[in-house]
Amino acid sequence: YKVSALFNNICTLTDEQEVIVLKPEINVSAIPTLINEGQSAQLSAEGLVDYNWSPAESLSDPTSPRPVASPTITTIYSVNGKDVNNCNGTATITI
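Okay, so let's go over this structure. For clarity, every value in this text was computed on a predicted model and none was experimentally measured.

1. Points about the pairing of strand S7 (residues 76-82)
Side-chain direction in a regular strand flips from residue to residue, so the side chains alternate between the two faces of the sheet.
Then, number 1: Inspection of the sheet shows strand S5 (residues 52-54) paired to S7 by three bridges, in the antiparallel sense. Following the sheet pairing, Ser54 is matched in S7 by Ser78.
Then, number 2: As paired elements, S7 and strand S8 (residues 88-94) share seven bridges and run antiparallel to each other. What sits directly across from Asn80, in S8, is Thr90.
Then, number 3: Where S7 folds back onto S8 in an antiparallel hairpin, the turn is made up of five residues, including Asn86, whose phi is positive at roughly 65°.

Following this line, the structure appears as structure tokens:
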């Protein structure tokens, strides 16, 4: 950002400030990534301090960084939360 101010219609003062937008780096994985009906997969997310997975219905604990997923169909899981800088982040994985 750049700001300029005119002082007494004579002198112009200018200042610049770089703004850095922090975006959480979230790593998600599943073991295994391919399952048959009736099987489960261990999901894992890193890079946040709180976690909220969805859809929650087929998860053992949607607020855990490592919930167990037991979907009945192919499902895209999304994890949302905040990092140590209080920045929001999201990531997805398909099981």
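From this point, the narrative continues.
2. A closer look at the pairing of strand S4 (residues 41-46)
Then, number 1: Judged from the five bridges that link them, strand S3 (residues 27-31) and S4 form a sheet pairing that is antiparallel. Each bridged residue has a counterpart across the sheet, and for Ala30 the counterpart in S4 is Leu43.
Then, number 2: By the bridge criterion, two bridges tie S4 to strand S6 (residues 68-69) in an arrangement that is antiparallel. Following the sheet pairing, Ala41 is matched in S6 by Ala69.

3. Remarks on the sheet that holds S8
Paired through their backbone hydrogen bonds, the strands of a sheet run either parallel or antiparallel.
Then, number 1: If you trace the three strands from one edge of the open sheet to the other, you get S5-S7-S8, paired in antiparallel fashion. Both edges of this open sheet fall to S5 and S8, since each of them pairs with a single strand only. Shown here is a sheet whose adjacent strand axes are inclined to one another by a mean of 20°, direction ignored.

Cut-offs applied
- Going along each chain's sequence as written, the residues are numbered from 1 onward.
- With pLDDT at 70 or above as the cut-off, local features in this predicted model cover only qualifying residues; side-chain atom pairs require 80 or more to be listed or tallied, and sums for whole chains, interfaces and linings still use all residues.
- Think of the side-chain values as coming from all heavy atoms in the structure, minus any hydrogens and water.
- Should DSSP find at least two bridges between two strands, the strands are regarded as paired.
- Numbering of helices and strands runs from the N terminus, with a helix taken as a DSSP run of H or I at least four residues long and a strand as a DSSP run of E at least two residues long.
- A fitted line through C-alpha atoms serves as each axis, taken over the contacting stretch for helices, and the angle formed by two N-to-C directions is quoted from 0 to 180°.

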